[in-house]
Amino acid sequence: MAFYRKENFMSTLEKAMNLLQTIPENKLDTVYTFLQFIKFQNNLEDNHNQNTSAFGIAHQYANPKRIPLEEEAFADAMAEKHTID
């Protein structure tokens, strides 16, 4: 029978909480500030990804009547470009 440490069955959150309980209070402020920074950076990345996709930027200008024409536009353009006269 193999020996498994208790840590192997713990979630990452549980491991982090156990570790944080061993850190002195004055050091926890630094950890907390760092976690806030990570959360802030993550929110910035999420907002950046939402606002810079082509669909997100241009969607407000889309003409619903032309959407069916655009579905095959790339394939048609490539066929026209590579057609031998």
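Time to look at the overall build of the chain. The helix and strand tally for the chain stands at five helices and zero strands. N-terminal to C-terminal, the α/β element order of the chain is α-α-α-α-α. Entry remark: accessible area of the chain is about 8,600 Å², with carbon and sulfur atoms responsible for 59%.

Our next topic: the confidence of the model for the chain. Any segment with low pLDDT has predicted coordinates that should not be analysed in fine detail. Here the chain shows a mean pLDDT of 78. Residues at 70 or above account for 75%. Mean pLDDT per element in the chain: helix 3 (residues 54–58) is the minimum at 63, and helix 1 (residues 12–21) is the maximum at 91.

Taken together, the side chains of Phe34, Leu35, Phe37 and Ile38 define a hydrophobic patch exposed on the protein surface, amounting to about 400 Å² of accessible area. Here Leu35 is to be found in helix 2 (residues 25–52).

A separate point is a negative patch on the surface. On the surface, Glu70, Glu71, Glu72, Asp76 and Glu80 cluster together to form a negatively charged patch. The residue Glu72 is located in the loop between helix 4 (67–70) and helix 5 (73–81) in this model.

The next subject is the environment of Thr22. Inspection of the secondary structure puts Thr22 in the loop between helix 1 and helix 2. At 2.6 Å, the side chain of Thr22 forms a polar contact with the backbone oxygen of Leu19.

Rules of the game
Residues numbered from 1 in each chain as written. Predicted model: local features only at pLDDT ≥ 70, side-chain atom pairs only at ≥ 80, totals over all residues. Heavy atoms only, no water. Helix = DSSP H or I, 4+ residues; strand = E, 2+ residues; numbered from the N terminus. Areas by Shrake-Rupley, 256 points an atom, 1.4 Å probe, with all protein chains shown as cover. pLDDT = per-residue confidence, 0-100. Patch = residues over 30% accessible without salt bridge, like charges linked within 9 Å, V, L, I, M, F, W, Y side chains within 5 Å. Salt bridge = Lys/Arg side-chain N within 4 Å of Asp/Glu carboxyl O. Lys, Arg positive; Asp, Glu negative; His and termini not counted. Charge placed at Lys NZ, Arg CZ, Asp CG, Glu CD. Polar contact = N/O pair within 3.5 Å; in protein donor to acceptor, adjacent residues only side chain to side chain.

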